[in-house]
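Here's the letter readout for the chains.
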Amino acid sequence: MSTTPREQPGRRAKDGSAAPAGQYNALTPDIVRQLQEIVGQRYVIHGDAEKLQPYSHDEVPDPEYAHMPDCVVRPESTEQIAAIMALATRHRIPVTPRGAGSGLSGGAVPIYGGIVLLCDRMNRIIEVDPQNMVVVAQPGVVTNEINDAVREHGLFYAGYPMSVETCYVGGNVAENAGGGKAVKYGVTGRYVLGLELVTPKGEIVRLGGKLVKNVTGYDLIQLMVGSEGTLGVFTEITLKLMPLPKASVDLLVLFGTAEEAIESVPAIMTTAGVIPTSLEFMDRTSVQAACEYLNESIPYQQAGAMLIASVDGPDEEHVRQDYEAIGELCLQRGAMEVYVADNFTTSERIWSVRRNIPEAFAIVSPHQANEDLVVPTAAIPKLLEAMLKLSEKYGVTIPSYGHAGDGNLHTRIIKNPDWPLDKWRKTLPLVLEELYHATAELGGRISGEHGVGHKRKPYLSMFLSKQALEMMRAIKRAIDPQNILNPGKILDS
Amino acid sequence: MRFIVPIKQVPETNAVRMDEETGTMVREGVESIINPLDLYAIEIAIRLREQHGGEVISISMGPANAEKAIREAIAMGCDSGVLITDKAFAGSDTWATSYVLAAAIRRIGDPGLIICGERATDGDTGQVGPGIASFLDLPLATYVGKVEHVDNDVCRVRRLIESGYEVLETDMPAVLTVVKEVADPRLPTLRGKQKARKVEVPAWGADDLDTDPNRLGLKGSPTRVVKIFRPQVTRQCRKVTAVDEESIGPAVDELVEFLRQRELI
């Protein structure tokens, strides 16, 4: 049996951070046999590079951030996960938990090899409890399936990452996923009432429950939410549900300039007095790329920017009043046109503009940085200004679009197609450095919803104080003293 | 000029499930939308009105909630609409539907162009447009991809045929059924929605139309659905594989021989 040759002490992981000397042991045939005993032989993938390859990366396109696991195990119960963690602890083998692999920060990439702990078989909805308005699910449940299961009770789960049809709820909790509806409904953490998890040492811990209020001890649930699989492996998640909205409408608003569009964002909430479900911004570059890609016939050429505003509510009349208030406000503030979509056909057409922006730019160049900046909502105009300056200074395209209503912009930095690759590789870090500085100065952060992973780790100290970083390290050391659970993510211990 | 656009409300097909036992569509809980192919008819009618003046009237035969489809058409830019609804119309096939729509158009009066979508995405027959033309005894052009010219006397259109295009000129008034190429539909606007909400949409029943009661609804429909079944796929695939330079030659020979045997080359 061959395992990947073990690295020398002090070898460097793909992100350039040093693995602590001699920290991890090799995955021996004996350990593989024990893993097979825990989960069953057919649920351990080992020694077959082709089958292991899909677990070496997430949705981060740059191969620089990928790393092969030594094996993949697919447990189906909490007890099996506890046994795997206890085994990994005994032998000092790194373990990287993984959901659907749709992450955008490298969170599920095993950068020191070892074991990938795949949650795909933990895919049962354990309980739907309409009286308490909660659902209890295993981490491998596809997020959309929760909504399919609770719809008949007139309920829905309001956590809504954009990859809702593929991603697992365990991954959503681990990354504290946000997405398109966060303006009104907030992010995943708001809905997590209870967790069962396995610690790095293999102990099973239950936190919270079907409780709307709970201050019994430290709020460890919210510590676990967004911990990117570095503090525990979730095995059971209790989520709060909301009444299912009966009606919804999407508006597509065309503005002459980006300023008009972005300055209307806070006014929609303060002046019109409506908190939309989604409030998305798309600048001229993004809109033109997407509309050309889609052969869209709305008059996008004249538009300097567009907003999508969605509202939902208990009935059509409520929703109509809300969308009219938003639409009228936008027209008063100089919008060129307000389109209204209240059915599947038109709603799909509006959202496909937003959804196809990444595809449209992938055609321009496959080399691009996919950012996840978040700033206080009112600071977005200043961030846009800074990006425009950077774009001019360095000669790169920086389209800007994203969840304007919550201050989270998915800026991309796209390689000029005429540039040789080495010029791009030299320029990008300079652009990023300046962009992050501008973000920090505005009181922003490097990631709103994608997470840090190992991709954004080198920049963390630009945003967090020494003291804050040390608190985080202390927490990690206390819970995972051997540093075996998803090591090298968020920060180095 | 008066442009009349008959439209149909259909279930949104992405959400449709089939009843495995009966082979019919499960319509409960499925959102209703304007037949997507009717949107092209609405769009070209609005554009022609913008060029030539006049009015666009959208009509729909269906249950009471088909009024929503008419209001959506008005929000896109139609001037008014009429809902044609009556229990007596229930169960109509394409023949009875065309008969009633023709009667409604006769009541509206003075049509210039009657513009229909190519077919509905649920029934998929494409018969109602031609049926209307037949009952009104008007000239018909189907599969219209471009309206080249319209005045009070003639209409010249380019219609899509299997081998390309065909340019037809007809007397006016006339009936057209249009395909996607004719015009990309616009989205409803806020102002359009506001207008559509206020407009009165009259509802006409059997008594409002000059029709023979024996020719309405299920009773007046000669079509009978005898059996619903899934068609068998009879196409057969033959794959010719070339993996490297050496295998390209033999693969090409094999393909040429295959086509020759069938006298295709």
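Keep in mind that what you see is a predicted model, and the values were worked out from it rather than measured.

On to the overall build of chain A, then. Per the secondary structure count, chain A includes 15 helices and 20 strands. Burial analysis of chain A (493 residues in total) assigns 49% to the buried set. Taking all contacts inside chain A whose residues are at least 6 apart in sequence as the whole, residues at least 24 apart take part in 73%.

A tally of regular secondary structure across chain B gives six helices and 13 strands. Within chain B, the proportion of its 265 residues that are buried is 39%. For chain B, restricting intrachain contacts to residue pairs at least 6 apart in sequence, the fraction spanning at least 24 positions comes to 68%.

Moving on, we come to the sheet that holds strand β1 (residues 2-6) of chain B. All names here are of chain B. Read from one edge of the open sheet, nine strands run β11-β10-β9-β12-β8-β1-β6-β7-β13, paired in mixed fashion. One side of each edge strand has no neighbouring strand; the edge strands of this open sheet are β11 (164-171) and β13 (203-204). As judged from the five bridges shared by strand β9 (residues 140-150) and strand β10 (residues 154-161), these two strands associate in the antiparallel manner. Following the sheet pairing, valine 147 is matched in β10 by valine 157. With respect to the sheet, helix α1 (residues 38-52) is in contact with β1, β6 (55-61), β8 (113-117), β9 and β12 (174-178), its orientation differing from that of β8 by roughly 150 degrees.

Facing the 11 residues of chain B at the interface are 13 residues of chain A. Partitioned by chemical class, the residues of the side of chain B that touches chain A number five nonpolar, two polar and four charged.

Residue and element names in this part refer to chain B. Of all five residues in β12, five are buried, a share of seventy percent or more. Burial along β12 is two-sided: the face carrying Ala174, Leu176 and Val178 and the face carrying Val175 and Thr177 are both buried. In this sheet, β12 lies alongside β8 in parallel orientation, the contact comprising five bridges. When the sheet's bridge partners are listed, cysteine 116 is paired in β12 with threonine 177.

With that settled, the discussion passes to unusual backbone geometry. Omega for the peptide link from Met172(B) to Pro173(B) comes to -10 degrees, which places this bond in the cis form. Positionally, Pro173(B) belongs in the loop between β11 and β12. Non-glycine residue Asn486(A) carries a positive phi angle of around 45 degrees. Tracing the sequence through the fold places Asn486(A) in the segment after α15 (466-479). Among the residues examined, Asn486(A) registers 31 C-beta atoms within 10 Å and is labelled buried. One non-glycine residue, Asp124(B), lies in the positive phi region at around 65 degrees. Examined against the element boundaries, Asp124(B) turns out to sit in the loop between β8 and α4 (128-136).

As a further point, take the environment of Ser347(A). Residues and elements named next belong to chain A. Relative to the helices and strands, serine 347 is located in helix α11 (residues 344-355). A C-alpha to C-alpha distance of 32 Å links serine 347 and aspartate 120, two positions 227 residues apart in sequence. In contact with serine 347, other than residues within four places in its own chain, are Asp250 and Ala341.

The next subject is the domain arrangement of chain A. All names here are of chain A. By domain assignment, chain A separates into domain 1 (29-121), domain 2 (125-243), domain 3 (247-353) and domain 4 (365-449 + 459-482). Placing the centre of domain 2 and that of domain 3 at their C-alpha centroids yields a distance of 30 Å. Taken together, the residues of the side of domain 2 that touches domain 3 break down into one nonpolar, one polar and two charged.

The next thing to look at is the domain arrangement of chain B. Under the domain assignment used here, chain B contains domain 1 (2-215) and domain 2 (231-265). The gap between the C-alpha centroids of domain 1 of chain B and domain 2 of chain B is 45 Å.

We now examine the sheet that holds strand β14 (residues 305-313) of chain A. All names here are of chain A. Sheet architecture is open: seven strands sit in the order β15-β12-β14-β13-β18-β19-β17, paired in antiparallel fashion. Of all strands in the sheet, those bounded by a partner on one side alone are β15 (337-341) and β17 (373-374). Two strands pair when backbone bridges link them, and strand β18 (residues 401-403) and strand β19 (residues 408-409) are joined in this way by two bridges, in the antiparallel orientation. Paired with glycine 402 across the two strands is leucine 409, which belongs to β19.

Residues and elements named next belong to chain A. Taken N-terminus to C-terminus, the directions of helix α9 (residues 284-294) and helix α12 (residues 357-364) make an angle of 90 degrees; their axes are 8 Å apart at the nearest point. On the basis of the axis angle, α9 is roughly perpendicular to α12. Facing Ser286, Ala289, Ala290 and Tyr293 of α9, the residues of α12 in contact are Ile357, Glu359, Ala360 and Phe361. Looking at the contact of α9 with α12 residue by residue, the classes come out as six nonpolar, one polar and one charged.

Glancing now at α4(B). Residue and element names in this part refer to chain B. Among all positions in α4, only Val128, Gly129, Gly131, Ile132, Ala133 and Leu136 are buried. Tucked inside the fold, the buried residues of α4 contact β1, α3 (94-108), β8, β9 and β12. Directly beyond the C-terminal end of α4, a positive phi value near 55 degrees is found at aspartate 137.

Residue and element names in this part refer to chain B. Per-residue pLDDT for chain B averages 92, and the proportion of residues at 70 or more is 98%. When mean pLDDT is compared element by element in chain B, β1 scores highest at 98, while strand β4 (residues 25-26) scores lowest at 71. Our summary of model confidence lists the complex with pTM equal to 0.85 and ipTM equal to 0.83.

What counts and what doesn't
- Residues numbered from 1 in each chain as written.
- Chains lettered and ligands numbered in written order.
- Predicted model: local features only at pLDDT ≥ 70, side-chain atom pairs only at ≥ 80, totals over all residues.
- Helix = DSSP H or I, 4+ residues; strand = E, 2+ residues; numbered from the N terminus.
- Buried ≥ 20, exposed ≤ 12 C-beta atoms within 10 Å, placed from the backbone.
- Contact = placed C-beta atoms within 7 Å.
- Pairing = 2+ DSSP bridges.
- Axes fitted to C-alpha atoms, helices over the stretch in contact; angles between N-to-C directions.
- Nonpolar A, V, L, I, M, F, W, Y, C, P; charged D, E, K, R; others polar.
- Domains from an automatic or database assignment.
- Parallel < 35°, antiparallel > 145°, perpendicular 65-115°, else oblique.
- pLDDT = per-residue confidence, 0-100.

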